[in-house]
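Results of the structural survey
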Amino acid sequence: MPTTFKLLFVCLGNICRSPAAEGVMRRVIDEAGLTETVHIDSAGTAGWHTGKRADQRMRTAAAARGLDLTSLARQVHDSDLANYDLVLVMDRSNHLDIRTFDREKKHLEKVRLFCEFCTDHEETEVPDPYYGGPEGFEKVLDLLEDGCAGVLHHIQQRLGKAA
Ligand code: 4NP
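Residues numbered from 1 in each chain as written. Predicted model: local features only at pLDDT ≥ 70, side-chain atom pairs only at ≥ 80, totals over all residues. Heavy atoms only, no water.

1. Some thoughts on the pattern of salt bridges
Taken as a whole, this structure holds 14 salt bridges when the rule is applied. A salt bridge links R27 to E145; its shortest N-O distance comes to 3.9 Å. Taken together, the residues span a long stretch of sequence, with R27 in helix 1 (residues 17-31) and E145 in helix 5 (residues 134-158) at a distance of 118 residues. Linking R74 and D41 is a salt bridge whose minimum nitrogen-to-oxygen distance equals 3.1 Å. (Salt bridge = Lys/Arg side-chain N within 4 Å of Asp/Glu carboxyl O. Helix = DSSP H or I, 4+ residues; strand = E, 2+ residues; numbered from the N terminus.)

2. Focus on the pairing of strand 3 (residues 86-89)
Covered by surrounding structure in strand 3 are L86 and L88 together with V87 and V89, the residues of both alternating faces. The pairing of strand 1 (residues 5-11) with strand 3 spans 4 bridges and is parallel. The residue of strand 3 that forms the bridge with L7 is L86. (Buried < 20%, exposed > 50% of the residue type's maximum accessible area, 1.4 Å probe, protein only. Pairing = 2+ DSSP bridges.)

3. Observations regarding the state of the cysteines
Two cysteines, two sulfur atoms, one covalent bond between them: this is a disulfide. All chains considered together, the criterion is met by 0 disulfides. We note that C16 lacks a disulfide partner, and the nearest cysteine sulfur, in C11, lies 7.0 Å from it. On the accessibility criterion, C16 (5% relative accessible area) is buried. (Disulfide = S-S within 2.5 Å.)

4. Some details on the packing of aromatic side chains
Under the defined criterion, the tally for this structure stands at 2 aromatic pairs. For the pair Y130 and Y131, a centre-to-centre distance of 4.9 Å together with 85 degrees between the ring planes defines the contact as edge-to-face. You can call Y130 partly exposed: its relative accessible area is 27%. Y131 sits in the exposed class, given a relative accessible area of 77%. In this arrangement the basic side chain of K6 is found over the ring face of Y84, its NZ or CZ atom lying 4.8 Å from the centre. (Phe/Tyr/Trp six-rings, centres within 6.5 Å; stacked < 30°, edge-to-face > 60°. Lys NZ or Arg CZ within 6 Å of the ring centre and 35° of its normal.)

5. Some remarks on the side chain of D55
Structurally, D55 is set in the loop between strand 2 (38-44) and helix 2 (56-63). Look at D55 and you get buried, because its relative accessible area is 13%. Those residues within four positions of D55 in sequence are excluded, and the remaining contacts are I15, C16, Y130 and F137. (Contact = heavy atoms within 4.5 Å.)

6. Brief notes about the site of the ligand
The local shell around the ligand consists of C11, L12, G13, N14, I15, C16, R17, W48, H49, D128, Y130 and Y131. In this structure, N14 approaches the ligand through a main-chain N or O atom, which is 3.2 Å from an oxygen atom. In the environment of the ligand, an oxygen atom lies 2.9 Å from a nitrogen or oxygen atom belonging to the backbone of C16. Taking 350 Å² as the accessible area of the ligand by itself, protein coverage stands at 93%. (Near = heavy atom within 4 Å. Polar contact = N/O pair within 3.5 Å; in protein donor to acceptor, adjacent residues only side chain to side chain. Areas by Shrake-Rupley, 256 points an atom, 1.4 Å probe, with all protein chains shown as cover.)

7. Quick word on the side chain of R17
Along the chain, the position of R17 falls in helix 1. Setting aside chain neighbours within four positions, we find R17 in contact with C11, L12, M90, D91, N94, V126, P127, D128, P129, V140 and L144.

8. Concerning unusual backbone geometry
Residues other than glycine predominantly adopt negative phi, and peptide bonds predominantly adopt the trans conformation. Positive phi is not limited to glycine here, since N14 has a value of about 60 degrees. Locating N14 in the fold gives a position in the loop between strand 1 and helix 1. With a phi close to 55 degrees, K105 is a non-glycine residue in the positive phi region. For K105, the location among the structural elements is in the loop between helix 4 (92-97) and strand 4 (111-113). Owing to a relative accessible area of 39%, K105 belongs among the partly exposed residues under this scheme.

Rendered as structure tokens:
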């Protein structure tokens, strides 16, 4: 049984959806007492926003739910696919794009759509909120809060710690 678990969230820019996913998941992991066991990070398939904090609109929406998003954007590295145990992408476009970071196609079984872990929503993708209004950021957080509960259950099973 593994004793640690490495989880990477991936979207396009790493300034809206995946840093929010990282923030929501950190809280879920902390509340489950797994802070030292589960390593969480996020990255973008594009490098346009490297070094930037999350988009102010995402930070405002997250802060209203008690979440402080502190991560700085980075692009996915070729080594991420080998180093992480699970890579959760926000949409199908991310799923296609991430293939370019795994040229030998050795690790693609680790890559899954985040919405597979949602139980209260029918959506199959977390929609990109960047060009839309505030309701899009709320929708992202609703989906993330739903799915992260499922992701916790998945990790607990993989660690042999299922309740
Ligand atoms: P994200 O959203 O993939 O959820 O971080 C976006 C952020 C930036 C851009 C597109 C989507 N952009 O075109 O710069």
